[in-house]
Amino acid sequence: MSRVVVVGGGFGGAAAAARLAKLGHRVTLVERLGRLGGAVGFVERDGYRWDAGPSSTGLPAVLRDLFRKSGRPLERELELVPVEPIREHRFVDGAVLAMPSGSRSAQLEAVDGALGTGLGRQWVDYVHGHVETWDVLRRGYLERPYSASHADAATRALLRTRTTLHRAVRRRFEDERLRALALLSTVLDGQDPRRVPAWWGVWAYVEQAFGVWTVPGGMGLLGDALSRRLRDRRVEVLLQTTVQDVRIHDGRATGVVTDHGSLDAEVVVCAVDPQSLPGLARGGRRAGAAADPPAVCHLGLRGEVPDLSHEVVLHGDPTLVVRTHGTAPAGAAAWTVLARGGLTEDVVVALARRGIDVTGQVELRVDRSPPDQVQELAGSPYGELWRGRATMDRRLAGPAVQGLHVAGVHAAAGSGLPLVGLAAAVVAQRIGSA
Ligand SMILES: Cc1cc2nc3c(=O)[nH]c(=O)nc-3n(C[C@H](O)[C@H](O)[C@H](O)COP(=O)(O)OP(=O)(O)OC[C@H]3O[C@@H](n4cnc5c(N)ncnc54)[C@H](O)[C@@H]3O)c2cc1C
């Protein structure tokens with residue numbers, strides 16, 4: 001049994017802690033806020049409740065695996081329901097596409113109907129081209145510790161590609177709307193498609209094949225479920241405690257220093273931005289900047305509001321995402337608007353200009369700028385800003401300090417619960433059973 005300290009109680013840290021405790025380690029999780037979950041949680045005001053961060057997740061197997069492998073199955077803790085359509089897209093030219101999940105033929109028909117005959121085939125062929133990519137990524141990188149000496153040629157070639165997503169998509173499509181669809185998840189991640197590898201496009205396949213899922217009442221409920229799981233697994237949780245640095249002796253992690261004293265450990269899992277801890281930032285291989293979160297505006301709306309899907313994307317600059325699932329008092333609605341790109345006017349005005357006019361109905365609003373969110377979480381929940389292959393090379397090399405593991409979004413292959421959850425599972429595999 002090792003004494004493990006996990007730094008950061010966001011989804012990444014909590015998932016790693018639950019798995020490691022189940023593997024028999026003595027685990028202490030240190031979180032600077034007074035609650036667990038990080039970006040996963042709620043904003044509550046005057047009877048309204050909005051998801052502060054995630055409102056849905058792809059690849060539900062990741063959550064199911066986490067709960068099953070750390071104790072009881074997910075179904076005993078949370079209800080996970082499919083979102084259908086995955087989202088509605090509104091394009092600059094006025095075309096509207098409700099994108100279904102589950103089958104190629106359903107997407108083909110929907111894209112043909114909304115964007116024009118023939119484009120459905122182009123789209124599903126592009127998505128289908130990622131089937132093998134997903135298989136290689138999953139087996140060689142996402143689901144188990146990567147090792148250059150054990151990785152097969154296909155995995156090595158994929159991870160070291162110089163082809164960017166931007167290039168791959170421009171070559172593939174002439175239609176600007178198909179390009180926007182293929183780049184959407186990267187743009188919403190706050191990344192530049194010119195700086196991420198072509199395999200980031202795999203998300204279109206993952207959504208088509210495995211759908212998008214949510215929790216009735218809000219994804220924020222996942223934070224409570226994680227807290228319960230950590231309690232059941234007897235993880236010691238230190239809230240309102242900030243890790244100031246990782247202690248390193250002779251190239252080995254020996255514990256952490258917090259604002260309430262030191263904690264000894266044989267293994268330290270860093271589930272926060274490593275650059276925020278001086279000992280790790282000093283360790284060379286500077287990661288660079290973080291990816292910004294979107295500007296977020298939570299709206300409490302009175303009266304009749306347009307009846308929208310769970311999520312509506314208004315393509316263009318800025319790209320606006322309307323999430324309509326929040327909990328509101330009777331006769332009201334709770335929406336969240338996320339904005340990416342050049343927002344030069346008030347977000348509610350921008351929304352009205354793009355055809356969703358709720359200007360007269362705003363009873364309450366809570367604005368959270370990108371810097372507000374980074375300050376609240378002491379780091380970006382969108383992880384590192386990718387800079388082409390250098391980012392991948394550094395990740396594949398891993399941390400140079402023995403007994404130190406990096407989890408959370410800064411170690412994951414992108415932001416979001418599925419990739420962060422997979423990274424936590426890989427860290428638990430690396431550390432192994434007690
Ligand atoms: C507005 C928004 C919408 C999103 N929508 C979705 C979505 O729909 N679907 C999806 O899958 N993903 C979504 N995401 C992304 C997803 O929420 C994140 O990628 C993921 O939750 C990151 O988890 P994490 O644990 O790595 O980081 P975080 O959630 O940032 O957690 C890090 C934790 O570490 C703590 N911490 C930091 N420094 C220290 C320290 N020195 N000592 C102790 N504790 C420390 C912080 O307080 C925080 O609790 C969204 C994010 C945002 C912000």
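Residues numbered from 1 in each chain as written. Predicted model: local features only at pLDDT ≥ 70, side-chain atom pairs only at ≥ 80, totals over all residues. Heavy atoms only, no water.

## Digging into helix 8 (residues 176-188)
In an α-helix there are 3.6 residues to a turn, and that puts residues three or four apart on one side. Compared with an ideal rise of 1.5 Å per residue, which puts 13 residues at 18 Å, helix 8 spans 17 Å between its outermost C-alpha atoms and is within 8% of the ideal. A maximum bend of about 45° is found in helix 8 at A182. When we look at burial in helix 8, the residues that qualify are R177, L178, R179, L181, A182, L183, L184, T186 and L188. The residue sitting at the N-terminus of helix 8 and contributing the capping side-chain oxygen is D175; that oxygen lies 2.8 Å from the backbone nitrogen of R177. G190 sits one or two residues past helix 8 and shows a positive phi near 80°. (Helix = DSSP H or I, 4+ residues; strand = E, 2+ residues; numbered from the N terminus. Expected span 1.5 Å × (residues − 1). Bend = angle between axes of the 7 residues up to and from the residue. Buried < 20%, exposed > 50% of the residue type's maximum accessible area, 1.4 Å probe, protein only. Polar contact = N/O pair within 3.5 Å; in protein donor to acceptor, adjacent residues only side chain to side chain.)

## Looking at the pairing of strand 15 (residues 295-302)
For strand 15, a buried count of six out of eight residues is recorded, marking the element as mostly surrounded by other parts of the structure. By the bridge criterion, eight bridges tie strand 15 to strand 18 (residues 332-340) in an arrangement that is antiparallel. Bridge pairing in strand 18 links L301 to A333. Sheet analysis places strand 15 next to strand 19 (residues 362-368), joined by six bridges and oriented antiparallel. Bridge pairing links C297 to D367 in strand 19. (Pairing = 2+ DSSP bridges.)

## Considering the domain arrangement of the chain
Many descriptions give the size of an interface as the accessible area lost when the pieces come together. Here the chain is partitioned into domain 1 (3-40 + 59-81 + 216-290 + 380-431), domain 2 (101-207) and domain 3 (295-375). In this structure, domain 2 and domain 3 have C-alpha centres spaced 28 Å apart. Counting from both sides, the interface comprises six residues of domain 2 and, opposite them, five residues of domain 3. Regarding the contact of domain 2 and domain 3, the summed buried area is about 470 Å², with carbon and sulfur atoms giving 73% of it. For domain 2, the biggest contributors to the area lost against domain 3 are L184, V187 and L188; these three give 72% of the whole. The interface formed by domain 2 and domain 3 contains zero salt bridges. When grouped by side-chain class, the residues that make up the side of domain 2 that touches domain 3 number four nonpolar, one polar and one charged. (Domains from an automatic or database assignment. Contact = heavy atoms within 4.5 Å. Buried area = accessible area lost by both parts, 1.4 Å probe. Salt bridge = Lys/Arg side-chain N within 4 Å of Asp/Glu carboxyl O. Nonpolar A, V, L, I, M, F, W, Y, C, P; charged D, E, K, R; others polar.)

## Considerations on the pattern of salt bridges
Working definition: two side chains of opposite charge can pair if their charged atoms are close together. Under the criterion given, the structure shown has 31 salt bridges. One salt bridge in this structure joins E236 and R3, with 3.9 Å as the shortest N-O distance. In this pair, E236 is assigned in strand 10 (residues 236-238) and R3 in strand 1 (residues 3-7), connecting sequence segments 233 residues apart. Residues participating in the shared-partner salt-bridge network are R19, D65, R68 and K69.

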